[in-house]
Amino acid sequence: MTNDISIKNQRTLGLALSGGGARGFAHIGFLKVLAEENIHVSCLAGCSMGGLVSSLFAIGYSAKEIEQIAIIHTTVREMINLVDRTPRRRGLIVGQRLRNLLAQLIPLSLNAVDLITSQEVILSEGNLLDAVMSTIAIPGFFAPVKIDKMQLIDGGTLNNLPVKNLKSFSPSVIMAVDVHPDTSREVPWQFADQKIRFPLPVPDFFLDFYRAQLIMISRLTEINLEHDQPDLLIRPNLPSEITMFYGYQKAEKIIAQGEKSMRKNLERLKQLLFE
């Protein structure tokens, strides 16, 4: 049920959404609860799947519409195709113009990493589709995206939770949602019971490599958060079998977990926004 708090009395809210593959569907649950509570998001920063979800929201899709998109279009490529379409409720903006405006409706910042300079790249203007393709370009699965002299790959390589990207928008409150697996608690598939092993037939060396990547991303996230702390950091409890590559068919379950986590933290967020 929508509350009766006037948006005029709300402090500005910046929302940072992390990467995490299928786990990123949980972000949709967070957006759904914010919409139901009439809490306005002033600006967005996203990485990888968090970048894709935040892009759809920024160009005018409602949280419920994004939920339906996730349930129906169960692959990343299918969801990307929607980025370039004119939002149904914003018919004054044609698709081609939208492609060339990264933050048409809600200020938006995505991140990527340049393979040439080894530096994080902030994408807050220019072609939206190129920016989305860059932030989700997982090495080995997507080719790098060439923009000017840069060869861009997944922003999670250096900063999976781009809180600092919001600083240029100067929101009063920053909330960050991290859906990345907790590597300090979750048992790796290759050492776990057969029931929760990696759901795809892959060699052990891939599992070891994937686990190492998760550990590095987790550690880098903690280092980044030491320098750029959000006002509210939420890490939803997601099933360990939902991974970067597996779980797209379970979108409804993942979204529901996001909703549950946001509701648990709703009173704290309201205190920050309406104190």
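See the structure above.
So, how was this worked out
Residues numbered from 1 in each chain as written. Predicted model: local features only at pLDDT ≥ 70, side-chain atom pairs only at ≥ 80, totals over all residues. Heavy atoms only, no water. Helix = DSSP H or I, 4+ residues; strand = E, 2+ residues; numbered from the N terminus. Buried < 20%, exposed > 50% of the residue type's maximum accessible area, 1.4 Å probe, protein only. Contact = heavy atoms within 4.5 Å. Areas by Shrake-Rupley, 256 points an atom, 1.4 Å probe, with all protein chains shown as cover. Axes fitted to C-alpha atoms, helices over the stretch in contact; angles between N-to-C directions. Nonpolar A, V, L, I, M, F, W, Y, C, P; charged D, E, K, R; others polar. Phe/Tyr/Trp six-rings, centres within 6.5 Å; stacked < 30°, edge-to-face > 60°. Polar contact = N/O pair within 3.5 Å; in protein donor to acceptor, adjacent residues only side chain to side chain. Core = buried A, V, L, I, M, F, W, Y, C linked by side-chain atoms within 4.5 Å. Pairing = 2+ DSSP bridges. Parallel < 35°, antiparallel > 145°, perpendicular 65-115°, else oblique. Left-handed = near helix turned anticlockwise from the far one by under 90°. Salt bridge = Lys/Arg side-chain N within 4 Å of Asp/Glu carboxyl O.

(A) Summary view of the overall build of the protein chain. Helix and strand content of the protein chain: 9 helices and 8 strands. Looking at the protein chain as a whole, 53% of its 275 residues qualify as buried. Nonlocal contacts in the protein chain, meaning residues at least 24 apart in sequence, comprise 74% of its contacts between residues at least 6 apart. For the protein chain, the computed accessible surface area is about 13100 Å², with 52% contributed by carbon and sulfur atoms.

(B) Spotlight on the packing of helix H3 (residues 63-72) against helix H8 (residues 251-264). Remark: H3 packs on H8, axes separated minimally by 9 Å, with the N-to-C direction vectors making an angle of 145°. Of the residues in H8, those in contact with Glu67, Ala70 and Ile71 of H3 are Ala251, Glu252, Ile255 and Glu259. Across the contact of H3 with H8, the residue classes break down as 4 nonpolar, no polar and 3 charged.

(C) Main features of the packing of aromatic side chains. Scanning the model with the defined rule gives 1 aromatic pair in all. For the ring pair phenylalanine 25 and tyrosine 248, a centre distance of 5.6 Å and an interplane angle of 90° mean the geometry is edge-to-face. With phenylalanine 25 in the loop between strand E1 (13-17) and helix H1 (26-36) and tyrosine 248 in the loop between strand E8 (232-234) and H8, this residue pair connects regions lying 223 residues apart in the sequence.

(D) Region of interest: the environment of alanine 26. Among the secondary structure elements, alanine 26 is positioned in helix H1. Exposure remark for alanine 26: the relative accessible area of 0% places this residue in the buried category. Remark: the alpha-carbon pair of alanine 26 and asparagine 237, spanning 211 residues in sequence, is separated by 9.8 Å.

(E) Fine view of the environment of arginine 235. Turning to its location among the elements, arginine 235 is positioned in the loop between E8 and H8. What makes arginine 235 partly exposed here is its relative accessible area of 40%. It is 7.9 Å that separates the C-alpha atoms of arginine 235 and serine 261, two residues lying 26 residues apart in sequence. Within polar-contact distance, the side chain of arginine 235 engages the side chain of aspartate 178 at 3.0 Å. Of note is the side chain of arginine 235, whose polar atom sits 2.6 Å from the side chain of glutamate 222.

(F) Local environment of the nonpolar core. Among the nonpolar cores identified, the biggest contains 56 residues, and Leu13, Leu15, Phe25, Leu34, Met175, Met262 and Leu269 are the most heavily contacted of them. In contact with methionine 175, not counting residues within four places along its chain, are Leu13, Gly14, Leu15, Ala16, Phe30, Leu34, Leu232, Ile234, Met262 and Leu269.

(G) Focus on the pairing of strand E6 (residues 150-154). Buried residues dominate E6, accounting for 4 of its 5 residues. With 3 bridges joining them, strand E3 (residues 108-114) and E6 adopt antiparallel strand pairing. Note that in E6 the partner of alanine 112 across the bridge is aspartate 154.

(H) Just the packing of H1 against H3, in detail. Taken N-terminus to C-terminus, the directions of H1 and H3 make an angle of 155°; their axes are 8 Å apart at the nearest point. Relative to H3, the element H1 is oriented roughly antiparallel. The crossing of H1 and H3 is left-handed. Along the contact surface, H1 presents Ile28, Leu31 and Lys32, while H3 presents Ala63, Lys64, Ile66, Glu67 and Ala70. Looking at the contact of H1 with H3, its residues break down into 5 nonpolar, no polar and 3 charged.

(I) How the structure looks around the pattern of salt bridges. With the rule as written, the count across this model stands at 8 salt bridges. Two residues, lysine 167 and aspartate 228, come together in a salt bridge whose shortest N-O distance is 3.2 Å. A residue pair is termed long-range when its members are at least 10 positions apart, and lysine 167 in the loop between E6 and strand E7 (173-177) and aspartate 228 in the loop between helix H7 (204-227) and E8 qualify at 61 residues. One salt-bridge network, in which partners are shared between bridges, spans Lys32, Glu67 and Glu259.

Keep in mind these numbers describe shape, not what the thing actually does.
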